[in-house]
Amino acid sequence: VFHGRILARRVVGQETRYEVEVAARYRQRFPLVAREYVWVPSTCGCPALREGGEYLLMARRHVNHEHTLNRILLQDGGYARPWTAREARLVREAARHC
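The name given to the protein in an unreviewed UniProt entry is ATL5 protein, and the organism recorded there is Toxostoma redivivum. Listed under Subcellular location (unreviewed entry) in UniProt, the entry text for the protein is "Secreted".

*Asks:* Help me understand the overall build of the protein, please; the structure alone is not making it clear to me.
*Replies:* Tallying secondary structure elements over the protein gives one helix and seven strands in all. Going from N to C terminus, the protein has its helices and strands arranged as β-β-β-β-β-β-β-α. Relative to the globule expectation of 13 Å for 98 residues, the C-alpha radius of gyration of the protein, 13 Å, shows essentially globular dimensions. The principal-axis extent of the C-alpha atoms belonging to the protein is close to 40 × 30 × 25 Å. Counting every position in the protein, which comprises 98 residues, the buried fraction comes to 34%. Considering only contacts within the protein whose residues lie at least 6 apart along the sequence, 54% involve residues at least 24 apart.

*Asks:* What am I meant to see in the pairing of strand 3 (residues 35-40) here?
*Replies:* As paired strands, strand 2 (residues 15-25) and strand 3 are joined by six bridges and run antiparallel to one another. Across the sheet, the residue bridging to Val-20 is Glu-36, located in strand 3. Where strand 3 and strand 6 (residues 70-73) come together, two bridges link them in parallel fashion. Residue pairing across strands places Val-38 opposite Ile-72, the latter belonging to strand 6.

*Asks:* Looking at this structure, I do not really get the nonpolar core. What am I missing?
*Replies:* Proteins that are soluble and globular tend to have nonpolar side chains buried together. With 15 residues, the main nonpolar core has Phe-2 and Leu-49 as its most contacted residues. Those elements that provide at least two residues to this core are strand 1 (2-12), strand 2, strand 3 and strand 4 (54-57). Looking at this core, the element that brings in the most residues is strand 2, giving three residues. Discounting residues that sit within four places of it in the chain, Phe-2 has contacts with Val-20, Val-22, Ala-24, Arg-25, Tyr-26, Leu-32, Val-38, Tyr-55, Leu-56, Leu-57 and Ala-59.

*Asks:* Looking at this structure, I do not really get the pairing of strand 1. What am I missing?
*Replies:* One face of the sheet, then the other: side chains in a regular strand alternate in exactly this way. In this sheet, strand 2 lies alongside strand 1 in antiparallel orientation, the contact comprising 10 bridges. Among the inter-strand pairings, Arg-5 is bridged to a residue of strand 2, identified as Glu-21. In sequence, strand 1 turns back onto strand 2 through a hairpin of two residues, with Gly-13 there showing a positive phi of about 65 degrees. Across four bridges, the pairing between strand 1 and strand 4 is antiparallel. Looking at strand 4, one finds that His-3 is bridged to Leu-56.

*Asks:* Could you clarify how one ought to interpret the pattern of salt bridges in this entry?
*Replies:* Two side chains with opposite charge may pair up if their charged atoms get near one another. Counted by the stated rule, this structure contains five salt bridges. Here Glu-87 and Arg-81 are joined by a salt bridge, their closest N and O atoms 3.2 Å apart. When the shortest N-O distance is used, the salt bridge between Arg-89 and Glu-93 registers 3.5 Å. Taken as a pair, Arg-89 and Glu-93 lie in helix 1 (residues 85-97) at a separation of four residues, close to a single helical turn. Its relative accessible area of 38% is what places Arg-89 among the partly exposed residues. Owing to a relative accessible area of 29%, Glu-93 belongs among the partly exposed residues under this scheme.

Thresholds, definitions, all that
Residues numbered from 1 in each chain as written. Predicted model: local features only at pLDDT ≥ 70, side-chain atom pairs only at ≥ 80, totals over all residues. Heavy atoms only, no water. UniProt positions renumbered as here; feature names shortened; annotations may be inferred. Helix = DSSP H or I, 4+ residues; strand = E, 2+ residues; numbered from the N terminus. Rg over C-alpha atoms; globule rule 2.2 N^0.38 Å. Buried < 20%, exposed > 50% of the residue type's maximum accessible area, 1.4 Å probe, protein only. Contact = heavy atoms within 4.5 Å. Pairing = 2+ DSSP bridges. Core = buried A, V, L, I, M, F, W, Y, C linked by side-chain atoms within 4.5 Å. Salt bridge = Lys/Arg side-chain N within 4 Å of Asp/Glu carboxyl O.

If you want it as structure tokens, here you go:
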């Protein structure tokens, strides 16, 4: 779970790739760097993330069986909400209890 600002959106094959500036990390099972690519396995624009927008994103690390593909995946219908101070507070509180 992290707070990120969308820098760019690009359709690559049958997927959408977002370049994201990571502003804050709330719940971290894998390391994140300041800029990451987040992949969505469709081109429909779901969830609708606009360039320049700030979001609270819950993604997972996806590594294929051959370990040749290692990326951050935002699943279809995944958690992506516009970032607000209230959302950030709720996520920080939830992270302390989990």
